[in-house]
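For reference, the chains in residue letters:
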Amino acid sequence: MQRRTFVTAAAATLAAPMLHAQTLPSGPVRIVVGFPPGGGTDALARVVGQKLATMWNLSVVIENKAGAAGVIAADYVSKQPGDGNTLLMAHINSHALAPAMGLKLNYNAEKDFVPISMVGVTPMLLICNPDQPAKTVKDLVALCKANPGKISFASAGGGSAQHFALEMFKLRAQIFALHVPYRGSAPALTDLIGGQVNYCFETMTSATPFVKSGKVVALAQTRLKRAKSYPNVPTMAESGFPGFEATVWYGLMGPGKMPPAMAQRMNEDVNKVLAMPDVQEKMEQYGAEDGGGSIEKFASFIKDEQQKWAQVAKAANVKVDA
């Protein structure tokens, strides 16, 4: 009896790591990013990917498939097998804003993906160059009301997170302002600094170097709480707009056919990565907070974002040609 018990226990001990290993991909892993190298999505994917490669003893590479604000990458991953070899660094554009605008997508943002883990949430900053007259949200609202349609706001493109933040602001403040879409954050910031446009909402990742150099001024940030890296900049909620929250978020997802056990294993490992001190330090540099948590929490967050931005798109009549 004792021998049988020993053999059974030994077999279970040997089988446990084998079963655990089956919840990982059998070969190299690609994390597909829908934006060019060097941006916030790409940077966070590389931070997480490097740690997972070590943890899994597998090659983890970042593959950039830029275009259509992340939609091309999302479409590609949605069609891949559920073996875990291809993952997506999902973004608010591909999984909340594009569906909110009713674009004709070749994927279903809910059914064609398996959420794995939130990687980070970043605020946007409401910024201007130092020559602009209004340096607080209250003064900016007054300026826009005194000059309807004349105060311009740049964005990284029609239907971008920056554009949606502006539309939410216009709705809440009941102002009429001029939206000037650019092809990306870089040209928008160039013209903002040069005075060709007056204000803009911009991701904290992109705006921070210019805030630190004094080329732009931060009036407010767009999460309900202040970011650790911007303790002295008030939130929009503190500036007279309770509940105002317009973030950019990033999360790891797999194709819809990925087994739940594999998604759960990856979720646990991503949580371990995000808890590492050196990873937390890098995340803070990008203004990314509140990563990790359960699969269910991430899925619920995405659903809430889709509903919120669909309401803004409808109220502001936001439409962008597919």
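The structure contained in this document is the topic of the report that follows. (Residues numbered from 1 in each chain as written. Predicted model: local features only at pLDDT ≥ 70, side-chain atom pairs only at ≥ 80, totals over all residues. Heavy atoms only, no water.)

**Here's the deal with the side chain of Gln-221**
Stated formally: Only DSSP runs of H or I with at least four residues qualify as helices, and only runs of E with at least two residues qualify as strands; both kinds are numbered from the N terminus onward. Buried residues are those whose accessible area, probed at 1.4 Å on protein chains only, stays under 20% of the maximum for their type, while exposed residues exceed 50% and partly exposed ones sit between those limits. Two N or O atoms count as a polar contact when they lie within 3.5 Å, although within protein this holds only if one can serve as hydrogen donor and the other as acceptor, and sequence-adjacent residues are included solely when both atoms are side-chain atoms.
Position of Gln-221 relative to the elements: it lies in strand 8 (residues 217-221). The exposure class assigned to Gln-221 is buried, which follows from its relative accessible area of 0%. Reaching out from Gln-221, the side chain makes a polar contact with the backbone oxygen of Val-233 at a distance of 2.6 Å.

**Notes on the pattern of salt bridges**
Formally: Basic side-chain nitrogens of Lys or Arg form a salt bridge, by our definition, when they fall within 4 Å of a carboxyl oxygen of Asp or Glu.
Following the criterion strictly, the structure yields 13 salt bridges and no others. Two residues, Arg-223 and Asp-290, come together in a salt bridge whose shortest N-O distance is 2.9 Å. Taken together, the residues span a long stretch of sequence, with Arg-223 in the loop between strand 8 and strand 9 (247-255) and Asp-290 in the loop between helix 10 (277-285) and helix 11 (295-316) at a distance of 67 residues. When the shortest N-O distance is used, the salt bridge between Arg-226 and Glu-238 registers 2.9 Å. Here Arg-226, found in the loop between strand 8 and strand 9, pairs with Glu-238, found in the loop between strand 8 and strand 9; they are 12 residues apart in sequence, far enough to count as distant. Assessed through its relative accessible area of 35%, Arg-226 is described here as partly exposed.

**Observations regarding helix 2 (residues 40-56)**
To keep things clear, this is the line we draw: Given a helix with a known number of residues, its expected span is that number minus one, times 1.5 Å.
With 17 residues, helix 2 ought to run about 24 Å at 1.5 Å a step, and its terminal C-alpha atoms sit 24 Å apart, in line with that. Among all positions of helix 2, only Gly-40, Thr-41, Asp-42, Ala-43, Leu-44, Ala-45, Val-47, Val-48, Gly-49, Leu-52 and Trp-56 are buried. Count one or two residues on from helix 2 and you reach Asn-57, which has phi positive near 55 degrees.

**Things to note about the nonpolar core**
In plain terms, the rule: Take the buried Ala, Val, Leu, Ile, Met, Phe, Trp, Tyr and Cys residues and link them wherever side-chain atoms come within 4.5 Å; each set so joined is a nonpolar core. Between two residues, a contact is recorded if the distance between any of their heavy atoms is within 4.5 Å.
Judged by nonpolar contacts, the single largest core of 86 residues is most densely connected at Leu-140, Phe-153, Phe-169 and Trp-309. Here this core gets nine residues from one element, more than from any other, and that element is strand 4 (residues 113-128). When residues no more than four places from it in sequence are discounted, the contact partners of Phe-169 are Val-137, Leu-140, Val-141, Phe-153, Gln-174, Ile-175, Phe-201, Met-236, Phe-241 and Phe-244. Within the second largest apolar cluster, 16 residues are counted, among which are Leu-125, Val-197, Cys-200 and Ala-227.

**Things to note about the packing of aromatic side chains**
What counts, and what does not: Centres within 6.5 Å are what make two rings of Phe, Tyr or Trp a pair, Trp counting through its six-membered ring; a difference in plane orientation under 30 degrees is then read as stacked, over 60 as edge-to-face, and the rest as tilted. Two conditions define a charge sitting above a ring: the NZ of Lys or the CZ of Arg must be within 6 Å of the ring centre, and it must be within 35 degrees of the ring normal.
This structure, assessed with the given rule, holds nine aromatic pairs. Ring plane angle 85 degrees and centroid distance 5.6 Å describe the contact between Phe-164 and Trp-309, whose orientation is recorded as edge-to-face. Here the residue Phe-164 occupies a position in helix 6 (residues 161-173), and Trp-309 occupies one in helix 11, the gap between them amounting to 145 residues. Trp-309 shares its class with Phe-164; the two are buried. Between Trp-249 and Phe-298, the aromatic rings sit 6.2 Å apart at their centres with planes inclined by 85 degrees, giving edge-to-face as the arrangement. Taken as a pair, Trp-249 in strand 9 and Phe-298 in helix 11 lie far apart in primary sequence, 49 residues in all. The exposure classification of Trp-249 matches that of Phe-298, with both residues buried. Here the aromatic cluster, defined as three or more aromatic residues joined through ring pairs, consists of Phe-153, Phe-169, Tyr-199, Phe-201, Phe-241 and Phe-244. Positioned above the aromatic ring of Tyr-76, the side-chain terminus of Lys-65 is 4.4 Å from the ring centre.

**Concerning unusual backbone geometry**
One non-glycine residue, Ala-69, lies in the positive phi region at around 55 degrees. Relative to the helices and strands, Ala-69 is located in the loop between strand 2 (60-64) and helix 3 (71-78). For Ala-69, a relative accessible area of 36% translates into the label partly exposed.

**Focus on helix 6**
Taking 1.5 Å as the rise per residue, helix 6 with 13 residues should run 18 Å; its terminal C-alpha atoms sit 18 Å apart, in good agreement. Within helix 6, 11 of the 13 residues are buried, which leaves it mostly tucked inside the rest of the structure. Within helix 6 the residues assigned to the buried category are Ala-161, Gln-162, His-163, Phe-164, Ala-165, Leu-166, Glu-167, Met-168, Phe-169, Lys-170 and Ala-173. Just downstream of helix 6, Gln-174 is the residue with a positive phi angle, here 55 degrees.

**Section: the state of the cysteines**
Inclusion rule: Pairs of cysteine sulfur atoms within 2.5 Å are identified as disulfides in what follows.
By the definition in use, this model includes zero disulfides. Looking at Cys-144, it has no disulfide partner, and the nearest cysteine sulfur is the one in Cys-128, 11 Å off. Residue Cys-144 is classed as buried on the basis of its relative accessible area of 1%. No disulfide involves Cys-200; its sulfur sits 9.3 Å from the nearest other cysteine sulfur, which is in Cys-128. A relative accessible area of 1% means that Cys-200 is categorised as buried.

These figures capture arrangement, not role.
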